[in-house]
Amino acid sequence: MTFSEILRKENEDLFQLIFEHPFVQGIGRGDVPKEALAHYIKADFEYLNAFMHIYGIAISKSAERKDIAYFNQQIEFVLNSEVHPHHNFCQQIGVGYEALQGYPLPPTADHYVKHMMYHAHTGGMGEILAALLPCPWTYWEIGLELMKQYEPDENHPFYPWISFYANLRVEAVTMNMRNRLDELADAASPEERQRMKDAFRKSCQLELGFWEMAYTCEEWPAGNPAAVR
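Residues numbered from 1 in each chain as written. Predicted model: local features only at pLDDT ≥ 70, side-chain atom pairs only at ≥ 80, totals over all residues. Heavy atoms only, no water.

1. Notes on the packing of aromatic side chains
Part 1 of the reasoning: In the structure shown here, the tally under the stated rule is 26 aromatic pairs.
Part 2 of the reasoning: Judged by centre distance (5.4 Å) and plane angle (70 degrees), the ring pair of tyrosine 40 and phenylalanine 89 falls under edge-to-face. Taken together, the residues span a long stretch of sequence, with tyrosine 40 in helix 4 (residues 34-60) and phenylalanine 89 in helix 6 (residues 83-93) at a distance of 49 residues. Each member of the pair tyrosine 40 and phenylalanine 89 is classed as buried.
Part 3 of the reasoning: Just above the ring of phenylalanine 15 sits the side chain of arginine 8; from NZ or CZ to the centre is 3.9 Å.
Part 4 of the reasoning: Sitting above the plane of the tyrosine 103 ring, lysine 42 keeps its charged end 4.3 Å from the centroid. (Phe/Tyr/Trp six-rings, centres within 6.5 Å; stacked < 30°, edge-to-face > 60°. Helix = DSSP H or I, 4+ residues; strand = E, 2+ residues; numbered from the N terminus. Buried < 20%, exposed > 50% of the residue type's maximum accessible area, 1.4 Å probe, protein only. Lys NZ or Arg CZ within 6 Å of the ring centre and 35° of its normal.)

As C-alpha cells, this is what we get:
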C-alpha cells in the first residue's frame, strides 16, 4: 500500500462520519437549512483565504519548481474555480456572495486554520501536504458518494455543488497531492511519517467538525471577535 492509501484506510471512520453528517446528507436531499448554508459560506470563504496563504508558505519552502508550479495552480483553482459551489449555495438562500464575506471564523474553523498554519510553519513539505490533503480528498469523495446515493440531475438544487466536487478536476487535485505526499513519505524518517499521519488525521477530524460547526451555526461564547473586514 502507498502511504496515502494507508492514511485513507486508517481514517475510514472519519470519512464515513463525514458522509453521514446531516449537513452532507442534506446537500444530497436538497434540504439544508438556509441559516446553515449561510454560516458555511461565511466560514468557508475565510477558510479558503487561509488555505491560499498556506499554499504560499508551501511555495516559500519548495526546493523544486514542480512544487512551486503545483501550489501556484492550486491557488488559481481556489481563487477562480472554487467560488462556483459557493455561488450555488448563495442562489439557494437568495443572498449575494459579497454579503457573506468578511466574517470572523467560528471556533472550529479558526482551530482548523491554526492547525494547518502550525504545520506549514513548523513542518516540512510532507507535513504541510498531509495537513492540506483531507480538504480536497473528503470533498471529492463526498461528491462521488452523493452522486451515487442520490443520483441528482440538473433539477436538483445542489447539483452544481455536487457535480463540481465529483468531477475529474477535483479528482486530479486530490491525486496529484496524494502522489507527491507518497514520494515525500517514501524518503521520510519514521518520525516524519508519524507527524504526517497525525496532521492528516487531525485535519480529517476538523473537516468533520467544520460540517458540524456550519450545521449548528457555531459561534464564539460571549460574542464573535472583531470582524475580518
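2. Some points on the environment of tyrosine 40
Part 1 of the reasoning: What makes tyrosine 40 buried here is its relative accessible area of 0%.
Part 2 of the reasoning: A sequence separation of 14 residues divides tyrosine 40 from isoleucine 54, and the C-alpha atoms of the two residues are 20 Å apart.

3. Looking at the side chain of serine 203
Part 1 of the reasoning: Of note, serine 203 is situated in helix 12 (residues 190-215).
Part 2 of the reasoning: Its relative accessible area of 0% is what places serine 203 among the buried residues.
Part 3 of the reasoning: A distance of 2.8 Å separates a polar atom in the side chain of serine 203 from a polar atom in the side chain of histidine 115.
Part 4 of the reasoning: Non-local contacts of serine 203, meaning those with residues more than four positions away in its chain, are made with Tyr112, His115, Met116, Ala131 and Pro134. (Polar contact = N/O pair within 3.5 Å; in protein donor to acceptor, adjacent residues only side chain to side chain. Contact = heavy atoms within 4.5 Å.)

4. Quick notes on the nonpolar core
Soluble, globular proteins show a tendency: their nonpolar side chains are buried together.
Part 1 of the reasoning: Phe23, Ile27, Tyr40, Tyr47, Phe89, Trp161 and Trp211 are the most contacted members of the largest nonpolar core, which has 77 residues in total.
Part 2 of the reasoning: Top element by residues in this core is helix 4. It accounts for 16 residues.
Part 3 of the reasoning: Ignoring sequence-local partners within four residues, the contact set of tryptophan 211 consists of Ile18, His21, Phe23, Val24, Ile27, Tyr40, Tyr139, Ile142 and Trp161. (Core = buried A, V, L, I, M, F, W, Y, C linked by side-chain atoms within 4.5 Å.)

5. Quick look at helix 6
Residues spaced three or four apart along an α-helix point in a common direction, a consequence of the helix completing one turn every 3.6 residues.
Part 1 of the reasoning: Buried residues of helix 6: Val83, Pro85, His86, Asn88, Phe89, Cys90 and Ile93, and no others.
Part 2 of the reasoning: As for helix 6, its buried residues are in contact with helix 3 (22-29), helix 4, helix 5 (65-80) and helix 10 (159-165).
Part 3 of the reasoning: Phi for glycine 94, located one or two positions after helix 6, is positive at around 70 degrees.

Read these as geometric descriptors, not functional statements.
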